[in-house]
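# Working through the structure, step by step
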Protein chains: 2
Amino acid sequence: MTIDNSQTHQLVLSTFRCLVADLVQQYGGGHPGGAMGMAAMGVALWKYAMNYSPSNPDFFNRDRFVLSNGHTCLFQYVFLHLAGYRHMTMEQLKTYHSDRPDSYCPGHPEIEHPGIEVTTGPLGQGVANAVGLAIASKNLAALYNRPGYDVVDNSIFCIVGDACLQEGVGLEAISLAGHLGLGNLIVLYDNNQVTCDGSADVANTEDVAAKFRACQWAVLDVANGSEDVEAIVGAIDRARQISDRPVLINVHTVIGYGALNQGQASAHGAALGEDNVRQLKLRNGLDPDLRFHVPQAVYEFFSDCVPRGQQSERLWEEKVAKYTAQYPELGAEFARRVAGKLPSDWKKHIPAEFPSGPTPTRKSSGLVFAPLAKAVDSIIAGSADLTPSVHVTWPGARDFQNPLLQTKCGLGGDYSGRYIHYGIREHAMAAIANGLAAYNRGTFVPVTSTFLMFYLYAAPAVRMGALQELQTIHVATHDSIGTGEDGPTHQPIALPAFYRALPNSLFLRPADSEETAGAWEAAVEFGHGPSLISLSRQALPQLGGTARDKVALGAYVVKPEADPQLQLLATGSDLQLALKAAEKLAGRGIRTRVVSFPCTQLFERQSTEYKQSVLLRGKIPSVVVESYAVNGWERYATAGYSMRTFGKSLPGHAAYEYFGFSAGPVADRVEKYFRSATAEKLWYFEDLS
Amino acid sequence: MTIDNSQTHQLVLSTFRCLVADLVQQYGGGHPGGAMGMAAMGVALWKYAMNYSPSNPDFFNRDRFVLSNGHTCLFQYVFLHLAGYRHMTMEQLKTYHSDRPDSYCPGHPEIEHPGIEVTTGPLGQGVANAVGLAIASKNLAALYNRPGYDVVDNSIFCIVGDACLQEGVGLEAISLAGHLGLGNLIVLYDNNQVTCDGSADVANTEDVAAKFRACQWAVLDVANGSEDVEAIVGAIDRARQISDRPVLINVHTVIGYGALNQGQASAHGAALGEDNVRQLKLRNGLDPDLRFHVPQAVYEFFSDCVPRGQQSERLWEEKVAKYTAQYPELGAEFARRVAGKLPSDWKKHIPAEFPSGPTPTRKSSGLVFAPLAKAVDSIIAGSADLTPSVHVTWPGARDFQNPLLQTKCGLGGDYSGRYIHYGIREHAMAAIANGLAAYNRGTFVPVTSTFLMFYLYAAPAVRMGALQELQTIHVATHDSIGTGEDGPTHQPIALPAFYRALPNSLFLRPADSEETAGAWEAAVEFGHGPSLISLSRQALPQLGGTARDKVALGAYVVKPEADPQLQLLATGSDLQLALKAAEKLAGRGIRTRVVSFPCTQLFERQSTEYKQSVLLRGKIPSVVVESYAVNGWERYATAGYSMRTFGKSLPGHAAYEYFGFSAGPVADRVEKYFRSATAEKLWYFEDLS
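In the annotation of an unreviewed UniProt entry, the entry for chain A reads Transketolase, and the organism field reads Ogataea haglerorum. Taken directly from UniProt, the Function (unreviewed entry) text for chain A runs: "Catalyzes the transfer of a two-carbon ketol group from a ketose donor to an aldose acceptor, via a covalent intermediate with the cofactor thiamine pyrophosphate." Recorded in UniProt under Catalytic activity (unreviewed entry), the annotation for chain A is "D-sedoheptulose 7-phosphate + D-glyceraldehyde 3-phosphate = aldehydo-D-ribose 5-phosphate + D-xylulose 5-phosphate".

Printed below as a string of structure tokens:
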């Protein structure tokens, strides 16, 4: 693409920078400097490089743009405004940092708003999301494109700052993207060498370009990145020609370009000050008395964005129509994926019955998952290097791999595969899963897997999925002290308390195969957030009374008792123990009923009547038995038999015994509690372990 | 060092591999392959390279060894045995994977046991810990060494596997170590190219050596790393000569070396099988009928380790004695640091009084911290690039920096500095802090800082600190929705539930300057685990009734009421709100008392009588007011006014109002609850927000 617009560019860049400065100045807070320094990148992207449609932000084949350095959000908001996104009026821009709850301009970009692909802010997440978006596009292209019909051929653009390249989650994602050879991913590095602590080299002096090349990225350079639109457009053009690997465009910029404090940390996260803004305008040849001013010539410069986008949409729709005529079956499948729909009969693929013998619930999960994943093409699964242990693969599963690697190291798989070897990168795995889910809601149902303990590594990304209401399913095996010999480093204690407190998410801990089927059904039906399924390493018996349909209730009576005197609540591998203890207590004349409690979040959605009928609060003593920290169970129980320390390296059964998690000690301790329980005492939650 | 022992080496290596295979075979589980492949590294380290004393595992100036790929723990256990660590008898080795709770051989190395520097297992943590150990050593050397008296001159050795180099926390630490030029750090890469999913190149095909060089490491190669002890020793010798940067020794090894399935993933995490073990012994020229057999020649080979270590200790003690004679003041200071003691008068440096006006608690914390850190030389602080926001520096603080960088980019600081710019690397920051704390208990009190939300990034490392009972203090500012415009990505909701459930740790949320002083006192006094202090971005009034001494109680009545009818519990920035609401309720004739609850974990340590006197459970309705998820508060309250969704991008005060966190709505809602509260209803915890 040849462009010669340098005079207009000057006006656009000046206008943009002064507008950003005004918007931050207005309420005396925000992040001006990054956005100002990146102005030329924005012109290159929204005016020249990106294929998108302002009048239909959800245009399926649009290029995706991720602002990984999300604090520079004004950059994106102002370009959405200039490019003609209708919702992003000047009035809306002025709501930045205001107290208006209906603002489209929050302090970081949020997925709810048109033109925003993913919510960013926590550093490093965005670039990992972009890797997920690139995988999504590659996968759809490999599955659906046919000669002459590239129905999916979009590019993924991402801007990162210095920080995203320091964060571990970013580094993990960069390494995997290089391995996968994602040639549709173009990352622009806003290389301004300034962070909150001052010069970035106070903490980082590595050779970023060499590091990316070592990760099998191509690296291009733009020297004068705060001004030189042509050079950026040229670099993007070259990057698009590089199809076998992702590209980093190292754009050297100046933070707060044009301000008195340009190039300094003070331009990063605070308003510039009235005088500084005035002088900025003067030096840019703009009237210092005009605020929020956009000359008509600037709007005209961007006036082709809307019609170009509409044209792009039209061409794509025509292409898809012809494609569907030529490939009716594929076309219908593609249409369903575009609509974000699961096959309507997905549930029938879940086995109606399971082997009657003891089974680890991770294996029960595999029995549910294998036929489901085989049948439901939206599922794209993977593991953080625990494929043999976590049972999230299926017969005939094909790896998602760089096909060019086949000759190099003999790998199978290509971009049509739906199984991703994420490597030992739990955090990036979950962030990439968010990107997959954000590509187009419902087109992908990403499934990740590792040991439950390592969903602590992944937690910041799982949280971002919950915040964005993105459906992902996380298969968390080797839960509790039952994981055994690996010891306390691998035995989660506090982690379930976090996931149970996380809004817009489900933490499911099924007790046997039947409940595992129910957990999967609940997770698939929970379309607007992450579900984490906590599964045992060790074999668990099939329990009488469990029912897959009841998992959706969150909790239910699994062992009823007429006129009960005592109640035990339990989850997962601890339910069998509670049932055995109840039997012992019954033998001692204490009428004990047992509640299975696979999901507190689902239980909270039930009616008051149902909840009271299950809990019997204040009526009888109620003891939760769970080999995790008890925090949060106090809502449902009057006492807890739980883990109060970290775990221990012992064989699983021995670890349970060591911590008193066997029927005898539980029954004894609970009986003692029951015998001593007075109405007053019940009020003070007791730790029995 | 020249060595010519190749025949003995063969016997030692064979014996080692067969012993590892036997130990895993014994209980049919564990990780044999990595340890077997690394045998030659072990000989190089324990026989030749490392300075340590088996008869005194805590010898202060010993080289530190970290096994970052902790699942290969048998590697370390067997070499500790061979080197003559008394506790590590053959009987103890045989407890690996047994059901003996008194085993010194858990499934991953644990710090409690002699000869183990840090607990490892969660991948990537160990190498970050090693960076912390290297910083510790550099810092002490810079502070205390004098010409002719290198009282601290140890090296830090670390072995990593493929996984540690994929994990984000490892990558962050590697980048920082290169920046800091830690020439005392030598990392041996067990490059066997096998992970659980098979060949490592299924998920990673980057050029590791180039990546390290880009991060300013020196890289050396050893081709035949499973056999060639001499080459490894030679590489370590060369690495020791490189004083201006850390060194990666890329040791090419074969997993499960010598077994039928050598080089395969099946050798990684399962017993080899009886037949495989027999054949291993036959091929190694050992008697297949002998199990756990160590020929006398092997013990003799290592027999110089104990006397050499004792000699090393003696020389060091003599050196320190002379040094102390020549530099009495410095010697006394050094002796105190070696003893791991704080200056006895540390508490007097905490200000007795604070400005009476509204103050953000992050700033109150700075007022406490600055004089404390100035006076207490054990404190080594830093921030993940939020130095201007978090107030963890002090007048005269010197940066811990690579002095060679001064000319390059004009940085101040050198290795004697106690302020670390961690970069935007929260996870590595906390893991490095663990390494600092583990160098020698009490010698360092590491203080880290970032926004509370980003202690979710750091959580896996904070958890490892808790598991190891290592004292660290984490300054977590910008807590709650009060952080404001940055929006929901930066506003923690579920995170406090995790930290409050974490064993061996404190989560402290002070309400004003006085309580902030108390929080710091509690954190410094809590010598055996991490403390996280949750602080406000926004100004908070100084409240009547708060008392620093009472923070140690965890909770206390801050606004008493004779014969109260209702109680409010609150923490941090929400306490002022609870007090205002209580005033309103009093105005409506409801006698309301208020409890400040800065730390649930400290409260749980109090007597039953005290706890009951504070809580008044079952006697009156009790509402917790906290702008986090309520999970866990059900133990103390009958209802909660809390956050049930993620937050929102609004100015802090507007965010509070938006979610109903202001005195009016709180008082109204609580009054309604109070008026409707029946004895039965109180039992069902109510969410009032």
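Back to the write-up after that little detour.
The number of helices and strands found in chain A is 26 helices and 21 strands. For 689 residues, the compact-globule estimate of 2.2 N^0.38 gives 26 Å, and the C-alpha radius of gyration of chain A, at 28 Å, lies within 12% of that figure. Expressed along its principal axes, the backbone C-alpha trace of chain A runs to roughly 90 × 60 × 45 Å. Burial analysis of chain A (689 residues in total) assigns 69% to the buried set. Sequence-distant contacts, at least 24 apart, represent 77% of the contacts inside chain A between residues at least 6 apart. Here chain A displays about 20400 Å² of accessible surface, and carbon together with sulfur accounts for 50% of that area. Charge-centre separation for chain A: the mean point of 58 positive side chains lies 6 Å from the mean point of 68 negative side chains.

Bringing the relation of the copies chain A and chain B into the picture now. With an RMSD of 0.0 Å, chain A superimposes on chain B once it is rotated by 180 degrees and translated 0.0 Å along the axis. With respect to symmetry, the two chain copies, as superposed, fit the operation of a two-fold axis. Taken as a fraction of all interface residues of chain A, those also at the interface in chain B reach 100%, which identifies the copy contact as same-surface.

Residues and elements named next belong to chain A. The domain architecture assigned to chain A consists of domain 1 (6-309), domain 2 (346-540) and domain 3 (550-687). Once you take the C-alpha centre of each, domain 1 and domain 2 turn out to be 33 Å apart. In this assembly, 37 residues from domain 1 lie in contact with 36 residues from domain 2. Between domain 1 and domain 2, a total of about 2900 Å² is buried, with carbon and sulfur atoms accounting for 63% of that surface. Our count for the contact surface shared by domain 1 and domain 2 stands at zero salt bridges. Mapped by element, the contributors of at least two residues to the side of domain 1 that touches domain 2 are α6 (125-144) and α7 (168-180).

Our next topic: the pattern of salt bridges. Using the criterion set out here, one finds 70 salt bridges over all chains in the structure. We note a salt bridge from Asp414(B) to Arg398(B), for which the minimum N-O separation is 3.0 Å. One end of the pair, Asp414(B), is in the loop between α16 (405-409) and β10 (419-421); the other, Arg398(B), is in the loop between α15 (387-390) and α16, and 16 residues separate them in sequence. Note that Asp574(B) is salt-bridged to Arg509(B), the shortest N-O span being 2.9 Å. Separated by 65 residues along the polypeptide, Asp574(B) in the loop between β17 (566-570) and α21 (575-587) and Arg509(B) in the loop between β13 (506-508) and α20 (513-525) bring together distant segments of the chain. Since its relative accessible area comes to 0%, Asp574(B) is described here as buried. Classification of Arg509(B) as buried rests on a relative accessible area of 0%. Bridged by salt links that share partners, the residues Glu604(A), Lys611(A), Arg635(A), Glu634(B), Arg644(B) and Asp687(B) form one connected network.

Opposite the 113 residues of chain A that make contact, chain B presents 114 residues. Between chain A and chain B, a total of about 9200 Å² is buried, with carbon and sulfur atoms accounting for 60% of that surface. When residues of chain A are sorted by the area they lose upon contact with chain B, Phe646(A), Trp683(A) and Tyr684(A) head the list and together hold 10% of the total. Put simply, chain A and chain B have six salt bridges between them. Arg635(B) is paired through a salt bridge with Glu634(A); the nearest N and O atoms lie 3.0 Å apart. Linking chain A with chain B are 68 residue pairs in polar contact (both at pLDDT 80 or more), by the criterion used here. Per element, the largest residue contribution to the side of chain A that touches chain B is seven residues, and it comes from α7(A). In the side of chain A that touches chain B, the residues fall into 52 nonpolar, 33 polar and 28 charged.

Each aromatic ring pair is specified by the distance between its two centres and by the angle formed by the two planes. Residues and elements named next belong to chain A. Summed over the entire model, instances satisfying the criterion amount to 78 aromatic pairs over all chains. Pairing Phe60 with Trp316 gives two aromatic rings, centres 6.0 Å apart and planes at 25 degrees, and the pair type is stacked. Of the two residues, Phe60 is situated in the loop between α3 (39-49) and β1 (64-67) and Trp316 in helix α12 (residues 305-326); the sequence distance between them amounts to 256 residues. Put simply, the rings of Phe59, Phe60, Tyr144, Tyr149, Trp316, Tyr323, Tyr327, Phe334, Tyr439 and Phe444 touch in pairs and so form one group of aromatic residues. One residue, Arg64, lies across the ring of Tyr439, its end atom 3.9 Å from the ring centre. Across from the ring centre of Phe444, 5.0 Å away, lies the NZ or CZ of Arg337, which sits over that ring.

So, on to the state of the cysteines. Summed over all chains, the structure comprises zero disulfides over all chains. No disulfide involves Cys105(A); its nearest neighbouring cysteine sulfur is the one of Cys73(A), lying 7.6 Å away.

All names here are of chain B. Contact geometry for helix α14 (residues 361-375) and α20: axes closest at 9 Å, N-to-C directions at 50 degrees. Classified by the angle their axes make, α14 and α20 are oblique. Crossing geometry of α14 relative to α20 is assigned as right-handed. Across the interface between the two elements, Thr361, Ser364, Ser365, Val368, Phe369 and Leu372 of α14 pack against Ser513, Thr516, Ala517, Trp520 and Val524 of α20.

Taking 1.5 Å per residue as the helical rise, helix α6 (residues 125-144) of chain B with its 20 residues ought to reach 28 Å, and the 29 Å between its terminal C-alpha atoms agrees with that figure. When you tally the buried positions in α6(B), you get 18 out of 20 residues, the bulk of the element.

The next thing to look at is the environment of Ala438(B). Residues and elements named next belong to chain B. Note that Ala438 resides in helix α17 (residues 426-438). For the pair Ala438 and Val118, spaced 320 residues apart in sequence, the C-alpha separation works out to 6.7 Å. Setting aside anything within four residues of it in sequence, one finds Ala438 in contact with Ile111, Glu117, Val118, Leu133 and Leu470.

This part takes up the sheet that holds strand β7 (residues 247-252) of chain A. Residue and element names in this part refer to chain A. Strands sit in the order β1-β2-β3-β7-β6 across an open sheet of five strands; the sheet is parallel. The two strands at the open ends of the sheet, each matched to only one other strand, are β1 and β6 (218-222). Ignoring which end each strand starts from, the neighbouring axes of this sheet average 20 degrees apart. Across five bridges, the pairing between β6 and β7 is parallel. Bridge pairing in β7 places Val222 opposite Val251.

A word on helix α17 (residues 426-438) of chain A. Compared with the 18 Å implied by 1.5 Å per residue over 13 residues, the 19 Å span of α17(A) between its first and last C-alpha is a close match. Within α17(A), 13 of the 13 residues are buried, which leaves it mostly tucked inside the rest of the structure.

Calculation rules
- Residues numbered from 1 in each chain as written.
- Chains lettered and ligands numbered in written order.
- Predicted model: local features only at pLDDT ≥ 70, side-chain atom pairs only at ≥ 80, totals over all residues.
- Heavy atoms only, no water.
- UniProt positions renumbered as here; feature names shortened; annotations may be inferred.
- Helix = DSSP H or I, 4+ residues; strand = E, 2+ residues; numbered from the N terminus.
- Rg over C-alpha atoms; globule rule 2.2 N^0.38 Å.
- Buried < 20%, exposed > 50% of the residue type's maximum accessible area, 1.4 Å probe, protein only.
- Contact = heavy atoms within 4.5 Å.
- Areas by Shrake-Rupley, 256 points an atom, 1.4 Å probe, with all protein chains shown as cover.
- Lys, Arg positive; Asp, Glu negative; His and termini not counted.
- Charge placed at Lys NZ, Arg CZ, Asp CG, Glu CD.
- Least-squares fit on C-alpha atoms with pLDDT ≥ 70 in both.
- Domains from an automatic or database assignment.
- Buried area = accessible area lost by both parts, 1.4 Å probe.
- Salt bridge = Lys/Arg side-chain N within 4 Å of Asp/Glu carboxyl O.
- Polar contact = N/O pair within 3.5 Å; in protein donor to acceptor, adjacent residues only side chain to side chain.
- Nonpolar A, V, L, I, M, F, W, Y, C, P; charged D, E, K, R; others polar.
- Phe/Tyr/Trp six-rings, centres within 6.5 Å; stacked < 30°, edge-to-face > 60°.
- Lys NZ or Arg CZ within 6 Å of the ring centre and 35° of its normal.
- Disulfide = S-S within 2.5 Å.
- Axes fitted to C-alpha atoms, helices over the stretch in contact; angles between N-to-C directions.
- Parallel < 35°, antiparallel > 145°, perpendicular 65-115°, else oblique.
- Left-handed = near helix turned anticlockwise from the far one by under 90°.
- Expected span 1.5 Å × (residues − 1).
- Pairing = 2+ DSSP bridges.

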